[in-house]
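In case you want the letters, here they are:
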Amino acid sequence: MASETRTLNPAAEATVEPRNQTRPRPVWVTRLVVLGLVLAALNLRPAITSLGPLLAEVRAGLGMSGSVAGLLTSVPPLCFAVFGLTAPRLARRFGPGAIVCAGMAAIAVGLLIRPYLGGTAGFLAASALALMGIAVSNILMPVIVKRWFPDRVGQMTGLYSMALALGTALAAAATVPMTRALGGSWQTGLAVWGTLAAVAVLPWLVLTRHPATRAPRTPAAPERESTPAPTLSITRSRTAWALACFFGLQATAAYITMGWMPQIFRDAGVSAGTAGVLLAVTMAMGIPLAFVIPRLASRMRNQGPIVVALGLSGLLGYAGLYLAPASGAWAWALLLGVSNCAFPLALTMIGMRAKSGAGVVRLSAFAQSTGYLISIPGPLLVGVLYQHSGSWGLPIGLMAGLMLPQIVVGVLAGRNRTIEDELA
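Residues numbered from 1 in each chain as written. Predicted model: local features only at pLDDT ≥ 70, side-chain atom pairs only at ≥ 80, totals over all residues. Heavy atoms only, no water.

Engineer: Explain the packing of helix H14 (residues 238–267) against helix H17 (residues 304–323) residue by residue, including any values.
Structural biologist: Where H14 contacts H17, the two axes come as close as 13 Å, and the packing angle between them is 25°. One element, H14, and the other, H17, form an angle in the roughly parallel class. Relative to H17, H14 is oriented so that their crossing is left-handed. Taken together, the residues of H17 that come into contact with H14 (itself represented by Phe246, Ala253, Thr257, Ile264 and Phe265) are Val307, Tyr318 and Leu321. Residue classes in the contact of H14 with H17 are distributed as 7 nonpolar, 1 polar and no charged. (Axes fitted to C-alpha atoms, helices over the stretch in contact; angles between N-to-C directions. Helix = DSSP H or I, 4+ residues; strand = E, 2+ residues; numbered from the N terminus. Parallel < 35°, antiparallel > 145°, perpendicular 65-115°, else oblique. Left-handed = near helix turned anticlockwise from the far one by under 90°. Contact = heavy atoms within 4.5 Å. Nonpolar A, V, L, I, M, F, W, Y, C, P; charged D, E, K, R; others polar.)

Engineer: I'd like to hear about empty space enclosed by the protein, residue by residue, with values.
Structural biologist: What the rule picks out here adds up to 5 cavities of 30 Å³ or more. Of the pockets and cavities examined, the largest cavity occupies roughly 250 Å³. Looking at the largest cavity, it is lined by 21 residues, and the ones nearest its centre are Leu164, Thr168, Met283, Asn340 and Phe343. Those elements giving two or more residues to the lining of the largest cavity turn out to be helix H10 (153–181), H14, helix H15 (272–284), helix H16 (286–298) and helix H19 (342–352). The dominant element in the lining of the largest cavity, judged by the number of residues it contributes, is H14, at 6 residues. Among the residues making up the lining of the largest cavity, the classes are represented as 13 nonpolar, 7 polar and 1 charged. Put simply, the second largest cavity is a space of about 160 Å³. For the lining of the second largest cavity, the secondary-structure elements that each account for two or more residues are helix H4 (46–49), helix H6 (66–84), helix H9 (119–148) and H14. In terms of residue count, the dominant contributor to the lining of the second largest cavity is H6 (4 residues). Among the residues forming the lining of the second largest cavity, the class breakdown is 12 nonpolar, 4 polar and 1 charged. (1 Å grid on protein atoms, 1.4 Å probe; cavity = no way out; pocket = protein on both sides within 12 Å on 5 of 7 lines; lining within 4 Å. Points joined across faces, edges and corners; volume = space filled by probe spheres on them.)

Engineer: Would you mind going over the pattern of salt bridges in detail, with residue names and values included?
Structural biologist: Think of it this way: side chains of opposite charge can pair up when their charged atoms draw near. Counted according to the given criterion, the structure contains 2 salt bridges. Taking the shortest distance from any N to any O, the salt bridge between Arg266 and Glu57 comes out at 3.6 Å. Here Arg266, found in helix H14, pairs with Glu57, found in helix H5 (residues 55–62); they are 209 residues apart in sequence, far enough to count as distant. The exposure class of Arg266 is partly exposed, given its relative accessible area of 23%. The shortest N-O distance in the salt bridge between Asp421 and Lys355 comes to 2.8 Å. (Salt bridge = Lys/Arg side-chain N within 4 Å of Asp/Glu carboxyl O. Buried < 20%, exposed > 50% of the residue type's maximum accessible area, 1.4 Å probe, protein only.)

Engineer: Lay out H16 with the relevant residues and their values.
Structural biologist: Look at H16: 17 Å from first C-alpha to last across 13 residues, which is about the 18 Å you get at 1.5 Å a residue. Inspection of H16 places Gly286, Ala290, Ile293, Pro294 and Ala297 among the buried residues, and these make up the whole buried set. Buried residues along H16 cover an arc of 95° about the axis, so they all sit on one side. Buried-residue contacts for H16 involve H10, H15, H17 and H19. (Expected span 1.5 Å × (residues − 1). Arc of directions from axis to C-beta.)

Engineer: Outline the nonpolar core, supporting the account with residue identities and numerical values.
Structural biologist: Generally speaking, nonpolar side chains in soluble globular proteins are found buried as a group. If you look at the biggest cluster of nonpolar residues, it comprises 122 residues, and the most contacted ones within it are Val58, Phe246 and Leu345. It is H14 that provides the largest number of residues to this core, a total of 17 residues. Look past the residues within four positions of Leu345 in its chain and what remains in contact with it is Phe246, Ile293, Ala297, Gln303, Ile306, Val307 and Leu310. (Core = buried A, V, L, I, M, F, W, Y, C linked by side-chain atoms within 4.5 Å.)

No statement about biological role is implied by the geometric values presented.
Structure follows, in structure tokens:
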């Protein structure tokens, strides 16, 4: 946690603070940054949601037990937590854009090779490579927004959150039919998503190599002159901890949903293709809401009411999964999709709970890395409970139970205060 506990310093701020250029930035540069953000966001979830609809085939092909499959669904938050810790240090050394570019390349390579390495160990190793790229990009998306669009944080956060939701839904819906169209091999159906990541590398290559795309640099901004850097560890901030716990619990719900919801529907008698579409519906709810929620949240002094509304939607969705998983499948998918929009809300609150760009990168790294550590046991425990109980009653009860503390810590994280004020 060393990268989170160090104090703010000019070198750290140099990588994240927006600065004014002496000459106007070319319009094509701004457009390329927007394109790069959108393409990167599209690739932040297909590695995970393409697996859910084909999990039964992958388990059969690799000889996985239910517990090992639960471990597989826990790998994403583990990688996000471990590799996310390195993002601030890498960004200070190489620049945020270069790290996002490398992250997209890692995603492409990992997804292209993981179905063909043979065995569970090789599949997990290649998945970890792709997830490493996702992890550092996850952390640096708010930093890129703060750096290039300091006056449009809510709008740009909504845009890339919407693209993220679109990529998530597209992978969930299209993987099964695309697998059938490509010959029926689950290996091909999973590997094809690596091409989307390869395309995302291109704009970031230009942004990191062309002189006109370098971040503007001027003397220190008035904000930094008037707001002294805190000298205490971020772990002393109650808001940072509340936000980390909120992020972790919403991530737990999201990865349980992405990893296990198609299997819940399939065990209830829904076909594999329909189960994939239902997951896509859940993820697709984030497309419009991921644009609306950040804009709404950024205009509110306290985001607690949004937290409560999303949590209640999740509780209703879990109740439906328990009582009538097949007959009300579409309604439960919609409700859980609304609940999953706690993710763009958490990203927005990260930007609002810090005054400076340097504060945002510290808070983003701490909240996301700590949050993903918190989320690791959830998907694994669901797999263990399912295997040993033989039904989905206990796992769904666990999911609903975790929604209650998520609401509590979300309300605490949504209070109108900043980590700089708490640490001063």
